[in-house]
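Understanding the architecture of this molecule
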Amino acid sequence: SWCGWQPGDSIVRLWGKRINESRWSKMRTKMRQFLFKDSVFDSFKMSQERMSQYADRINEISPKVIRGYSHSLYLLAMYIRESARNLTIPACSSTAEMLFPHYREEIKSSLSARCFDQYGCGEIRNIAAECEVHDGLHVNDEHVIVEIVHKKEMASDVGELIVTDLDNYGMPFIRYKNGDIAKNIEGECSCGRELSRIGEIVGRISSSFITKTGTIVHGEFITHLLNELQISQEAGIREFQMIQNDYDKYHLNLVSKRELSKSEIYHLTCSLKQYLGP
Ligand SMILES: [Zn+2]
């Protein structure tokens with residue numbers, strides 16, 4: 001156990017729920033969550049009212065760990081402090097984006113939770129995780145090989161991450177450059193584990209949208225939506241940028257191999273309206 005969680009312990013996740021999930025898939029998800037004592041709260045719909053409901057449910061569940069996007073965990077922690085509520089969770093596992101020192105402090109003081117940062121990517125899930133010493137992240141050496149390759153235009157203590165997945169024979173990732181940049185870290189960890197280490201991942205930052213009704217929607221929502229609607233894959237989206245100009249005014253820039261079809265634009269717009277308002 002790294003953060004106090006043992007198999008069989010309950011876990012709460014503050015995570016982006018599937019946007020267009022079939023009934024069968026929903027049933028499968030519910031069954032899995034029941035068996036693994038895994039409760040998921042949607043980080044794409046974080047209004048004050050919902051965060052209050054989340055806090056009530058989390059108190060009932062009394063989980064050993066809460067896991068989620070760093071920014072969503074930070075927002076929940078801020079809500080708990082500002083609304084003078086009580087929520088105590090032993091540990092927090094943050095992922096998907098940078099865990100800034102002030103996020104860690106807020107989570108620690110408002111949720112009484114020790115924060116353990118974890119790093120992975122969509123293609124290779126669990127790459128590295130913090131131990132109780134909180135000095136860099138231990139690489140999951142049994143499953144991945146991680147290299148940090150310095151380039152001359154970079155600061156001296158960082159490099160590009162190159163990852164080799166040792167488990168995936170179906171879609172091999174060999175010396176795969178996933179676009180992330182990490183700091184180097186020297187020496188052994190004082191926890192005694194001999195797994196190799198990397199320093200913090202730099203530059204992976206998400207922000208959130210705030211709708212007219214006050215609902216907070218994590219920025220990962222756009223990535224999920226483009227994937228779930230198969231637009232990323234079929235139109236070959238290389239880059240995107242969503243700009244919020246006002247509570248109900250958004251501008252989505254896409255770099256894609258081809259133009260989006262009318263049907264793709266229609267489905268995309270409907271889903272965006274559903275989550276971000278009219
Ligand atoms: Zn350690």
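Residues numbered from 1 in each chain as written. Predicted model: local features only at pLDDT ≥ 70, side-chain atom pairs only at ≥ 80, totals over all residues. Heavy atoms only, no water.

As named in an unreviewed UniProt entry, the chain is AMP-dependent synthetase/ligase domain-containing protein, taken from marine sediment metagenome.

Another aspect to go through is the packing of helix H5 (residues 220-228) against helix H7 (residues 262-276). In the contact formed by H5 and H7, the axes pass within 11 Å of each other and the chain directions differ by 150°. Judged by the twist between their axes, the crossing of H5 over H7 is right-handed. Judged by residue contacts, Phe221, Ile222, Leu225 and Leu226 of H5 engage Leu268, Ser271, Leu272, Tyr275 and Leu276 from H7. In the contact of H5 with H7, the residues fall into eight nonpolar, one polar and no charged. (Axes fitted to C-alpha atoms, helices over the stretch in contact; angles between N-to-C directions. Helix = DSSP H or I, 4+ residues; strand = E, 2+ residues; numbered from the N terminus. Left-handed = near helix turned anticlockwise from the far one by under 90°. Contact = heavy atoms within 4.5 Å. Nonpolar A, V, L, I, M, F, W, Y, C, P; charged D, E, K, R; others polar.)

The next thing to look at is the coordination of the zinc ion. Coordination of the zinc ion by the protein comes from Cys131 (SG), His138 (NE2), Cys189 (SG) and Cys191 (SG), over a distance range of 2.1 to 2.3 Å. In terms of primary sequence, the donors binding the zinc ion are separated according to C-x6-H-x50-C-x1-C. For the pair Cys131 and His138, a shared accessibility class is recorded, and that class is buried. (Donors = N, O, S within 2.8 Å, 3.2 Å for Na, K, Ca; no water. Buried < 20%, exposed > 50% of the residue type's maximum accessible area, 1.4 Å probe, protein only.)

Strands sit in the order S2-S1-S3-S4-S5-S6-S7-S11 across an open sheet of eight strands; the sheet is mixed. Across the chains shown, the open sheet's two edge strands, defined by having one partner strand only, are strand S2 (38-42) and strand S11 (197-198). (Pairing = 2+ DSSP bridges.)

Now for the layout of surface pockets. In this structure, the second largest pocket occupies an estimated 340 Å³ of space. Looking at the lining of the second largest pocket element by element, the count peaks at three residues for strand S5 (residues 114-119). The class makeup of the residues in the lining of the second largest pocket is nine nonpolar, seven polar and seven charged. (1 Å grid on protein atoms, 1.4 Å probe; cavity = no way out; pocket = protein on both sides within 12 Å on 5 of 7 lines; lining within 4 Å. Points joined across faces, edges and corners; volume = space filled by probe spheres on them.)

Glancing now at the packing of aromatic side chains. A complete count under the given rule lists eight aromatic pairs for this structure. Measuring from ring centre to ring centre gives 5.3 Å for Phe44 and Phe221, while their planes differ by 75°; the resulting arrangement is edge-to-face. Residue Phe44 is found in the loop between S2 and helix H2 (48-61), and its partner Phe221 is found in helix H5; the two are separated by 177 residues along the sequence. For Phe221, a relative accessible area of 0% puts it in the buried group. These aromatic residues form a ring-pair network of at least three members: Phe44, Phe221 and Tyr275. Directly above the aromatic system of Trp15 lies the positively charged group of Arg13, at a separation of 5.8 Å from the ring centroid. When the ring centre of Trp2 is taken as reference, the NZ or CZ atom of Arg193 above it lies at 4.2 Å. (Phe/Tyr/Trp six-rings, centres within 6.5 Å; stacked < 30°, edge-to-face > 60°. Lys NZ or Arg CZ within 6 Å of the ring centre and 35° of its normal.)

The next subject is the pairing of strand S1 (residues 11-15). Of all the five residues making up S1, four are buried; the element is thus mostly covered by neighbouring parts of the structure. In the sheet, S1 pairs with S2 via five bridges, with the strands oriented parallel. When the bridges of S2 are listed, Leu14 appears paired with Phe41. Where the polypeptide runs from S1 across helix H1 (residues 23-35) and back to S2, its parallel neighbour, the crossover connection is right-handed. (Right-handed = clockwise from strand over helix to strand, strands pointing away.)

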